[in-house]
Amino acid sequence: MSRSRQPPLVTGISPKEGAAWTKVTIRGENLGTGTTDLIGLSICGHNCLLTAEWMSASKIVCRVGPAKDDKGEIIVTTKSGGLGTSTVSFKLIRPERIGILDQSAVWVDEMNYYDMRTDRNKGISPLSLRPSNPLGIEIDKGKIPQKDMELTFPGMSGDFTSDNFSATWYLIENHAGSSFEQLKFASSNLKKQSTKKNEGSLAYVKGGLSTFFEAQDALAAIHQRLESDGTERVEGSMTQRLENILNRASDTADTLFQEVLGRKDKADSTRNALNVLQRFKFLFNLPLNIERNIQKGDYDVVINDYEKAKSLFGNTEVPVFKKVYAEVETRITALRSLLLEKLLQTPSTLHDQKRYIRYLSDLHAPGDPAWQCIYAQHKWILQLMQSCRDEFISGQREGIGASGLEGDTRPSALSRLSHTASLKRGGSLRTPRPSTWRFETPQQVQFVEKLSDVVIGQLPNFWKLWISYVNGSLFSETGEKSGQVEKSKKNARQRQNDFKKMIEEMTHRLVKLVRGALLPSTLPQGELNLYGGWENKTELTGNWLTQIIHTVRACHEALSALEIPNDLLQVIQDLLLDLRVHCLMVTLLHTTEDVKRLAEKEDWVVDNEGITSLPAQFEQCMIQMLQSLKEPLEIKAGEINVLQLDQVQDQATELSVGIMKVFINCLAQLSTKTDGDIDTSLNMSVDLSSPDRFPGVQEGFSPTSEQRLLIILSNCQYLERRTFLNLADHFEKHNLTGTEKITRVSVDAVRELDRQLFDAYIEQRADPIAGSLEPGIYAGYFDWRDCQTPTGVRNYLKEALVNIITVHAEVFTVSKDLVPRVLSRIVEAVADEMCRLMQCVSSFSKNGALQARLELCALRDAIAAFLNAESNASFKLALEGLPQLHSGADKKLLEELLNQFKSSMQLQLTCFQPSCIQPVKR
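Residues numbered from 1 in each chain as written. Predicted model: local features only at pLDDT ≥ 70, side-chain atom pairs only at ≥ 80, totals over all residues. Heavy atoms only, no water.

J.: Help me out: how do you make sense of the overall build of the protein in this one?
T.: From N to C terminus, the protein includes 29 helices and 11 strands. Buried residues in the protein amount to 41% of all 922 residues. Restricting to contacts in the protein with at least 6 residues of sequence separation, those with at least 24 account for 77%. (Helix = DSSP H or I, 4+ residues; strand = E, 2+ residues; numbered from the N terminus. Buried < 20%, exposed > 50% of the residue type's maximum accessible area, 1.4 Å probe, protein only. Contact = heavy atoms within 4.5 Å.)

Printed below as a string of structure tokens:
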């Protein structure tokens with residue numbers, strides 16, 4: 001045989017050791033030019049050509065046969081190169097042999113056993129039955145889901161051994177990222193493999209010719225031996241004898257191996273049982289796994305395992321499977337009960353409620369767990385609201401130390417809103433709240449706050465749970481479980497009216513509890529025992545009622561934000577309306593009491609205008625009242641103006657008028673107040689030079705009754721001129737109706753008081769002065785018909801002027817604005833009395849007429865600044881009744897005596913000088 005190439009050289013084998021039939025890869029040089037060129041391959045002396053698969057001139061793949069030698073070389077023989085050599089060796093590992101009667105715990109791995117006798121009629125080597133990579137290039141698995149591939153290639157498969165094999169599916173699945181050059185290389189590999197298969201069939205036949213010839217020779221030798229012995233003719237057919245021998249051997253073997261075969265059958269049964277346990281261990285372990293996962297709270301895992309077991313074994317007829325599945329159902333039934341119990345537990349979060357409802361739905365729990373949860377939450381919220389009232393009524397929540405608030409540092413609805421509300425109200429009539437204000441909070445306010453916390457904290461989750469029930473998101477937010485979603489929507493439509501009644505019951509319960517605490521008269525008699533019982537609690541002021549209104553409004557706003565229908569919340573709007581009206585009336589009534597107590601704050605200290613602090617305190621009290629009513633009277637969304645209600649408007653106007661009258665009555669009481677320590681007598685004949693006669697009105701000053709009248713008169717003027725007008729503006733600014741009536745009635749009342757006080761003061765001051773004139777005129781048996789020539793103004797007139805000056809000083813000390821008004825009336829009374837006295841004189845002598853004219857003119861000229869029409873008329877009438885002066889000497893004497901009088905009393909008469917202040921005509 002001529003050789004055109006170098007002999008084959010094996011330089012490597014992988015693996016280097018192994019048992020018989022181990023698949024190895026041989027590498028080297030000049031290993032042949034193709035499948036037909038390879039004519040021999042031995043490993044450890046065993047011919048492995050039948051299993052050889054030529055890959056390339058440097059690579060051959062084959063299986064090691066059951067060689068006799070434990071270690072040997074790898075020899076390759078080719079047509080082109082001849083017998084080769086090897087630089088490496090292979091070690092054959094012989095497994096421990098087990099006798100047919102030996103017991104063993106090791107099972108023979110029958111899955112990997114390769115039978116050399118299979119597929120001999122096919123033209124491919126056994127290693128090519130199922131190649132792992134037929135294209136011979138790197139596999140790049142795509143990320144396209146299996147479902148999408150099945151939809152794209154219906155009825156096809158990506159398995160190349162399948163009858164419905166799709167090449168496109170296989171390329172997309174295993175070579176989606178391969179380049180075009182790699183695919184071209186794969187195509188050439190496929191062509192090479194096809195060529196190998198065609199050549200392999202012929203080579204297989206050629207390589208096995210020697211084996212066929214040996215078998216033919218053996219059969220021929222047996223036939224020849226039988227003929228030469230002649231036994232077939234003498235003893236019958238040799239095959240018959242062989243059959244008898246084999247039957248006897250079989251019976252003997254059965255006897256010998258009966259025990260072994262029994263153990264084998266038992267082992268097979270055990271193996272089958274273990275195979276079943278191994279194959280279906282999911283089901284057999286499921287009861288214990290369910291118990292463990294329930295304890296850990298992994299309900300999702302339990303539900304997934306249950307769904308899987310139900311789909312696989314729900315309809316099984318295998319007794320053992322039915323028994324185990326029945327145990328699984330028992331555990332699931334207990335889980336349903338546990339989840340339902342957790343679902344109905346209170347309190348619980350909305351997240352937990354949704355989770356448990358989904359679990360029960362996935363477990364196909366009987367009934368409607370979602371509706372059961374809604375019903376349980378409804379009852380629990382009602383119980384919370386009622387328990388809140390019962391705790392306060394029973395006195396278990398005294399102040400801040402109540403057990404329900406201990407340890408709870410979360411801000412309540414009231415505390416969250418109190419600061420803002422205080423700013424909006426613009427202050428309070430009372431002292432601002434200290435840092436410990438909650439300790440002084442009335443129990444009704446704490447109750448409404450706590451009740452609002454219950455409603456705001458629970459009702460939103462209750463409403464959201466219903467919304468989830470209606471739209472089906474309790475079961476699936478992605479719409480995957482459409483059957484459950486549609487069922488949920490159907491149940492929600494059927495129970496919509498029932499849920500509406502639940503909301504109505506909770507809102508009515510809230511309103512009735514608040515009414516029982518604040519407006520018990522608005523509840524029917526039969527409901528007072530259930531919602532009332534607050535008779536012994538503190539009566540609330542307007543500020544606390546305002547705080548309650550703020551809390552209830554916050555509660556209403558929180559519920560409105562949930563998009564609860566307005567008709568369900570109308571009852572809260574009605575409650576707010578009644579609370580606003582009640583707050584308005586209570587504030588007005590309490591302001592009336594505050595105004596009554598203002599009289600106690602009168603210190604009688606007047607300012608430059610003669611006004612004490614009382615009018616300012618009254619005005620400030622009214623302004624603070626209006627500011628405190630700003631929030632209750634504010635019109636929020638959906639509310640009405642309480643002042644547009646006729647009955648409320650009339651009551652508010654009457655109470656406002658009553659406040660004005662109460663203050664005016666306080667002034668009247670102050671004007672008549674007596675003080676035993678005060679000497680109310682006033683000596684008109686005093687030394688005007690004394691600096692202590694008319695001290696300034698200062699702090700600690702205790703006025704006389706006349707000074708009280710003057711101070712109150714001054715305050716009345718200020719009320720009419722300033723205070724009532726300012727209050728009218730504030731009433732208009734705060735949108736209070738009836739301002740015109742309030743102002744009119746107030747002005748009329750203060751004018752009436754002013755008239756009464758003025759008349760009383762004039763009576764107390766004018767009458768003594770006017771009454772002293774007649775005794776002074778006729779002192780010393782003076783007679784107008786028989787008197788001496790006048791030498792000056794007599795003392796009685798000077799004394800009268802001094803008394804008028806005293807009144808002037810008294811009035812001026814209090815208020816200079818009152819001086820013209822008071823002195824005009826005093827002068828009017830004096831002028832009227834002088835006119836009367838002159839008219840009572842039957843006749844005058846010449847000197848008497850001159851004396852009378854002198855005194856009348858001196859008095860008129862001295863008080864000319866305070867003369868009015870009535871006093872002028874009185875002086876004119878008096879002078880006209882006197883005899884006229886015809887002598888020039890008399891006129892001259894009269895003028896001289898008048899000038900002498902004015903000169904002597906110039907200092908005293910300075911106070912009577914005309915001023916810019918004109919007399920006030922009332």
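Structure shown, so let's carry the discussion forward.
J.: Sorry, what's going on with the pairing of strand β6 (residues 53-56) here?
T.: Working note: regular strand, side chains alternate between the two faces of the sheet. Pairing of β6 with strand β7 (residues 59-63), which is carried by 3 bridges, proceeds in the antiparallel orientation. When the bridges of β7 are listed, Glu53 appears paired with Val61. Taking the residues that link successive antiparallel strands as the turn, the β6-β7 hairpin has 2 residues. (Pairing = 2+ DSSP bridges.)

J.: Sorry if this is basic, but what is going on with the pattern of salt bridges here?
T.: A side chain with one charge can pair with a side chain of the opposite charge if their charged atoms come near. Counted by the stated rule, this structure contains 29 salt bridges. Ionic pairing is found between Arg331 and Glu327, a salt bridge with its closest N-O pair at 3.2 Å. Of this pair, Arg331 and Glu327 both sit in helix α9 (residues 319-344), 4 residues apart, roughly one helical turn. With a relative accessible area of 36%, Glu327 lands in the partly exposed category. Several salt bridges converge on common partners, so that one network encompasses Glu752, Arg755, Asp759 and Arg825. (Salt bridge = Lys/Arg side-chain N within 4 Å of Asp/Glu carboxyl O.)

J.: Which parts of the structure should I look at to understand the sheet that holds β6?
T.: To summarise the sheet geometry, strands pair through backbone hydrogen bonds and adopt either a parallel or an antiparallel arrangement. In spatial order, the strands read β6-β7-β3-β1-β10; together these 5 strands make up an open sheet with mixed pairing. The open sheet has two edge strands with one neighbour each: β6 and β10 (85-86). Summarising the sheet, strand β1 (residues 9-14) and β10 pair through 2 bridges and their orientation is parallel. Bridging across to β10, Val10 finds its partner in Ser86.

J.: Help me out: how do you make sense of the packing of helix α10 (residues 350-362) against helix α13 (residues 443-471) in this one?
T.: Any two packed helices are characterised by the angle at which their axes cross and by the distance between the axes. Look at α10 against α13: their axes get within 10 Å of each other, and the N-to-C directions meet at 30°. Taken together, the axes of α10 and α13 are roughly parallel relative to one another. Between α10 and α13 lies a crossing whose hand is right-handed. In contact with Leu350, Gln353, Lys354 and Ile357 of α10, α13 contributes Asn461, Lys464, Leu465 and Ser468. Residues that form the contact of α10 with α13 fall into these classes: 3 nonpolar, 3 polar and 2 charged. (Axes fitted to C-alpha atoms, helices over the stretch in contact; angles between N-to-C directions. Parallel < 35°, antiparallel > 145°, perpendicular 65-115°, else oblique. Left-handed = near helix turned anticlockwise from the far one by under 90°. Nonpolar A, V, L, I, M, F, W, Y, C, P; charged D, E, K, R; others polar.)

J.: For this particular structure, what's the right way to read helix α19 (residues 614-628)?
T.: Each α-helix turn comprises 3.6 residues. Residues three or four places apart therefore point the same way. Taking 1.5 Å per residue as the helical rise, α19 with its 15 residues ought to reach 21 Å, and the 21 Å between its terminal C-alpha atoms agrees with that figure. The complete set of buried residues in α19 reads Leu614, Pro615, Phe618, Glu619, Cys621, Met622, Ile623, Met625, Leu626 and Ser628. (Expected span 1.5 Å × (residues − 1).)

J.: Looking at this structure, I do not really get the confidence of the model for the protein. What am I missing?
T.: Detailed reading of predicted coordinates is not advised where the pLDDT is low. For the protein, per-residue confidence averages 78 on the pLDDT scale, and 83% of positions sit at 70 or higher. Counted against residues more than four places away or in other chains, residues 396-438, with its pLDDT under 50, gives 67 contacts. (pLDDT = per-residue confidence, 0-100.)

J.: Help me out: how do you make sense of the packing of aromatic side chains in this one?
T.: Aromatic ring pairs: the centre-centre distance and the angle between the two ring planes describe each pair. Scanning all chains against the criterion turns up 15 aromatic pairs. Members of the aromatic cluster, joined through ring pairs, are Trp371, Phe462, Trp463, Trp466 and Phe499. When the ring centre of Phe782 is taken as origin, the NZ or CZ atom of Arg794, which lies over that ring, is 3.8 Å away. Taking the ring centre of Phe758 as reference, the NZ or CZ of Arg821 above it sits at 4.0 Å. (Phe/Tyr/Trp six-rings, centres within 6.5 Å; stacked < 30°, edge-to-face > 60°. Lys NZ or Arg CZ within 6 Å of the ring centre and 35° of its normal.)

J.: Honestly, the pairing of β1 in this entry has me stumped. Any pointers?
T.: With 5 bridges joining them, β1 and strand β3 (residues 23-29) adopt antiparallel strand pairing. Across the sheet, the residue bridging to Gly12 is Arg27, located in β3.

J.: Help me out: how do you make sense of the packing of α10 against helix α11 (residues 369-393) in this one?
T.: α11 packs onto α10 with a crossing angle of 150° between their chain directions and a minimal axis gap of 9 Å. For the element pair α10 and α11, the recorded crossing hand is right-handed. Residues Gln353, Ile357 and Leu360 of α10 lie in contact with α11, whose contacting residues are Pro369, Ala370, Cys373 and Gln377. Classifying every residue of the contact of α10 with α11 by side-chain character gives 5 nonpolar, 2 polar and no charged.

J.: How should I be thinking about the side chain of Glu855 in this particular structure?
T.: Among the structural elements, Glu855 can be located in helix α27 (residues 846-862). What Glu855 contacts, discounting residues up to four positions off in sequence, is Trp784, Val793, Arg794, Tyr796 and Leu797.

J.: Can you help me understand the nonpolar core in this one?
T.: Considering soluble globular proteins, one finds that nonpolar side chains tend to be buried as a cluster. Formed by 106 residues in total, the largest nonpolar core has its most connected members in Phe618, Val822 and Met838. When sequence neighbours within four positions are dropped, the list of residues in contact with Val822 reads Leu710, Phe758, Tyr761, Ile762, Val807 and Val811. Val445, Leu459, Leu510 and Ile548 belong to the second largest nonpolar core, which has 81 residues in total. (Core = buried A, V, L, I, M, F, W, Y, C linked by side-chain atoms within 4.5 Å.)

J.: Would you mind going over unusual backbone geometry with me for this structure?
T.: Negative phi is the rule for most residues except glycine; trans is the rule for most peptide bonds. With an omega dihedral of -5°, the bond running from Ser14 to Pro15 counts as a cis peptide bond. Note on placement: Pro15 falls in the loop between β1 and β2 (17-18). Look at Cys44: it is not a glycine, yet its phi comes out positive at around 55°. Checked against the element boundaries, Cys44 lands in the loop between β4 (38-43) and β5 (46-47).

J.: What exactly am I supposed to notice about helix α8 (residues 299-313) here?
T.: With 15 residues, α8 ought to run about 21 Å at 1.5 Å a step, and its terminal C-alpha atoms sit 21 Å apart, in line with that. Turning to α8, its buried residues are Tyr299, Val302, Ile303, Asp305, Tyr306, Ala309 and Phe313. Along the axis of α8, the buried positions cluster into a sector of 165°, meaning they face one direction only. Within α8, the exposed residues directed more than 90 degrees away from the buried face are Asn304, Ser311 and Leu312. Looking at the buried positions of α8, the neighbouring elements they touch are α7 (281-296), α9 and α10. (Arc of directions from axis to C-beta.)

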